[in-house]
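Descriptive structure summary
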Amino acid sequence: MKKAIMLLSVMCVAVSLLLLPSQVAASTVTLRVSQLQGNLTAALRERAAHLGPADHLVLYFDRAGTFTIEGTVEFACNVEIKGLGVKKTTVVLDNGTDRAGFKAFFDDTFFKVSASTSQPLAVSIHDISVKLKDHNGIWWDGAEKYAFKLCNCAPVSIERFNCTLRNAVCTNVDLRACSNVTVRNCTLTNYNNCTTGGVLWLRGQMHDIDISANTFYKYGNDECVALFGADAPVPGDIKRYNIKVADNDFYYVNRGNGPADLVNGVFFTYYVGTSTPATVGCASSNVDISGNRFYMQGLCHTIMGITFSERDTHDNVVIANNYIENSPVASDQKIRHCDYEVTDLNAARIPITFSGNTTVNNAAFVAPWGASGYCHLMVHGGAIVDLGKSSLTDNVATSSLTTQRLGCRLLSFDNAGGTVNMTGNSFSGLGMLASIDYGDGIDGKVTINADSNVFTGDTRIYCRNVKTVDLNFVGNTFNSTTSNFFLQEFAQQGSLVFDGNMVNTPGNGQLMTHWDNNDKAARRFNKLQVRNNVFTGVDGERTLLQPITNVRSRSVAGNVYR
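These figures come from a predicted structure and were not determined experimentally. (Residues numbered from 1 in each chain as written. Predicted model: local features only at pLDDT ≥ 70, side-chain atom pairs only at ≥ 80, totals over all residues. Heavy atoms only, no water.)

Bringing the overall build of the protein chain into the picture now. Along the backbone of the protein chain there are 4 helices and 47 strands. Judged by the C-alpha coordinates and their principal axes, the protein chain covers about 105 × 60 × 35 Å. Here the protein chain holds 562 residues, and 56% of them are scored as buried. Here the analysis covers contacts within the protein chain between residues at least 6 apart in sequence; of these, 81% occur between residues at least 24 apart. Of the roughly 22,700 Å² of accessible surface on the protein chain, a fraction of 50% belongs to carbon and sulfur atoms. (Helix = DSSP H or I, 4+ residues; strand = E, 2+ residues; numbered from the N terminus. Buried < 20%, exposed > 50% of the residue type's maximum accessible area, 1.4 Å probe, protein only. Contact = heavy atoms within 4.5 Å. Areas by Shrake-Rupley, 256 points an atom, 1.4 Å probe, with all protein chains shown as cover.)

Turning to the pattern of salt bridges, a few remarks are in order. Overall, the coordinates contain 25 salt bridges when judged by the stated rule. Measuring nitrogen to oxygen at the nearest pair gives 2.5 Å for the salt bridge that ties Asp-210 to Arg-184. Of this pair, Asp-210 sits in strand 15 (residues 206-212) while Arg-184 sits in strand 12 (residues 181-184), and the two are 26 residues apart along the sequence. The exposure class of Asp-210 is buried, given its relative accessible area of 13%. Linking Asp-458 and Arg-460 is a salt bridge whose minimum nitrogen-to-oxygen distance equals 2.8 Å. The same class applies to Asp-458 and to Arg-460, which are both buried. Each of Glu-74, Asp-107, Asp-108, Lys-112 and Lys-149 takes part in salt bridges that share partners, so that together they form one network. (Salt bridge = Lys/Arg side-chain N within 4 Å of Asp/Glu carboxyl O.)

Turning our attention to the environment of Pro-368. Mapped onto the secondary structure, Pro-368 falls in the loop between strand 28 (358-361) and strand 29 (374-380). A C-alpha to C-alpha distance of 19 Å links Pro-368 and Val-266, two positions 102 residues apart in sequence. Beyond its immediate sequence surroundings of up to four residues, Pro-368 is in contact with Lys-334 and Arg-336.

Attention shifts here to the packing of aromatic side chains. Each aromatic ring pair is described using two quantities: the centre-to-centre distance and the angle formed by the ring planes. This model, assessed by the stated rule, comprises 36 aromatic pairs. Considering the side-chain rings of Phe-250 and Phe-268, the 6.1 Å spacing of their centres and the 90° angle between planes classify their relative orientation as edge-to-face. Taken together, the residues Phe-250 in strand 19 (residues 249-252) and Phe-268 in strand 20 (residues 263-270) connect sequence positions 18 residues apart. Phe-268 carries the same exposure label as Phe-250, and that label is buried. A connected cluster of aromatic rings, assembled from ring pairs, spans Phe-427, Phe-455, Phe-473, Phe-478, Phe-485, Phe-486, Phe-498, Phe-535 and Tyr-561. (Phe/Tyr/Trp six-rings, centres within 6.5 Å; stacked < 30°, edge-to-face > 60°.)

A separate point is the environment of Phe-294. Mapping Phe-294 onto the fold places it in strand 22 (residues 293-296). Judged by relative accessible area, Phe-294 falls into the buried class, the value being 0%.

Turning our attention to the pairing of strand 38 (residues 468-474). Along strand 38, 5 of the 7 residues are buried, which leaves the element largely enclosed by surrounding structure. By the bridge criterion, 6 bridges tie strand 35 (residues 446-451) to strand 38 in an arrangement that is parallel. Counterpart to Thr-447 in the pairing with strand 38 is Asp-470. Of the strand pairs in this sheet, strand 38 and strand 41 (residues 493-499) are connected by 7 bridges, and their pairing is parallel. Its bridge partner lying in strand 41, Phe-473 is registered against Phe-498. (Pairing = 2+ DSSP bridges.)

The peptide bond linking Ala-154 to Pro-155 adopts the cis configuration, its omega dihedral lying at -10°. Even without being a glycine, Asn-152 presents a positive backbone phi close to 55°. Among the structural elements, Asn-152 can be located in the loop between strand 9 (145-151) and strand 10 (153-166). Owing to a relative accessible area of 14%, Asn-152 belongs among the buried residues under this scheme.

Here the focus is the confidence of the model for the protein chain. Summarising the model, the protein chain shows a mean pLDDT of 92, and 92% of its residues fall at 70 or more. In the model, residues 1-25 has pLDDT below 50 throughout and makes 8 contacts with residues more than four positions away in sequence or in other chains. (pLDDT = per-residue confidence, 0-100.)

Residues Phe-75, Phe-161, Met-422, Phe-473, Phe-486 and Phe-498 are the most contacted members of the largest nonpolar core, which totals 146 residues. Leaving out residues up to four positions away in the same chain, Met-422 has contacts with Leu-387, Leu-410, Leu-411, Phe-427, Leu-433, Ile-448, Asn-449, Ala-450, Asp-451, Asn-453 and Phe-455. One finds Ala-230, Ile-238, Val-272 and Cys-282 within the second-largest nonpolar core, a separate group that totals 5 residues. (Core = buried A, V, L, I, M, F, W, Y, C linked by side-chain atoms within 4.5 Å.)

We now examine the side chain of His-314. Within the secondary structure layout, His-314 lies in strand 24 (residues 313-320). Owing to a relative accessible area of 8%, His-314 belongs among the buried residues under this scheme. Polar contacts involving the side chain of His-314 include one to the side chain of Asp-344, which spans 2.8 Å. (Polar contact = N/O pair within 3.5 Å; in protein donor to acceptor, adjacent residues only side chain to side chain.)

Bringing the state of the cysteines into the picture now. Under the defined criterion, the tally for this structure stands at 0 disulfides. Free of any disulfide, Cys-224 has its nearest neighbouring cysteine sulfur in Cys-300, separated by 10 Å. What makes Cys-224 buried here is its relative accessible area of 0%. (Disulfide = S-S within 2.5 Å.)

Next up on the list: helix 3 (residues 40-48). Every buried residue belonging to helix 3 is among Leu-40, Thr-41, Ala-43, Leu-44, Arg-45 and Ala-48, and all of these are buried. Summarising the contacts, the buried residues of helix 3 are in contact with strand 1 (28-32), strand 2 (56-60), strand 3 (65-69) and strand 4 (73-75). Measuring from the side-chain oxygen of the N-cap residue of helix 3 to the backbone nitrogen of Thr-41 gives 3.1 Å; that N-cap residue is Asn-39.

Shown next as structure tokens:
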């Protein structure tokens, strides 16, 4: 028996020696702010310094009122930060000053939780409001700050949380390599009124992300919501999966002292970034951006940007049932605006799905050269986009900033070309169906497949200095405001299938018009198929096809002219 007891004692000692100190001293600590004395920031630092990765801290703002944090408070433990409710408990973030025995910032953030990839920390923030102290001027210009910065944390729960930042180079919440993240029922506001600072940023590797039923307010440059970067890399390629951003309200609005002509570059973005090493890519799967509402009341270049680089792969990326409303802006600044911008440089060319989205435009976007500056979907890198069951209504045709008629350019392509498949959509107020014109020319192939859509307005597809274009339009309705209802010029070579469409023009309608100084015979239709269409405002086949002279394979039959 004694030998057994001695052996058990030795085993216990051996096991305890294998445990980390933080594991041996694991504890749950509830820290009630009402019981703390003196400077709150210093007191929190002192208590947090004694807790490690195995510990759990409940930081409880347990009475109604306002509390002030003057610098960085860092946690190396699991932490829950809670109050009595967003209308009862407010934490004010102050630009603290260094003084004897107190250094305000030893990091670029107020609240920081930093873990390792091998031992993530759990974080919960709920039922509390946080705001930046009211002040004059722009704080931290050139030295960006964060209200909350979490690194390698999982799970992360942020619910019933309000956070407001004004006039500062500061981001509300920055999550780096965090997973199992829930952000729900929050109101997050960032009126930085300058060039840097976002609302909710998620970086690097991540999975099981749920951002839903929140309200976001933003004014100034930088992303409102961004999923991007490889700032907290793991060995090998980055993985992102099961990501949902759904049923949120987004407002880009100037409520404060921001200048009216301040431009946001990209409001919402998903990408890895050019800073990622060439040997690192991102594998994305099950990305769902759906049911969100974007109310844009200021100048913005791109509302939503989706980007995949050469090494990135993606599967089941869906942007569905979102609503965009562009409102008039009290500014005379000329600008190029794009609702959606898609880049895919990966050779696999997996389609990116846009479905059931609604866009209403009431803003006069005028490009610097005087033409319409409004584009609905810009395609980069040869991306493939499936665009279905969506609608666009552009209500603005004129502006005091130009004598040219405005209207939305539905599609645009860069020099790598791309493919857009359109099914069951309705687009009105068009200034151009597609612009196949980029810089010195488009080397990549451009393909547009359209089935059962309604196009209203100026329904031209403009081609300039492009090598190959394939167009397949079947069963669509064209309500064209111009006689040149479809092609303005063509590619060096390509094909056109135009079958079963209903075309309404004001008269003298032509399938293609030739305005430039180049020889129209240089435009080669390898295949020209125009069958079973109903043309109103077209005199006949000769008028319809008049400028088209270089055709290799031709099939024109069954058309009705009215």
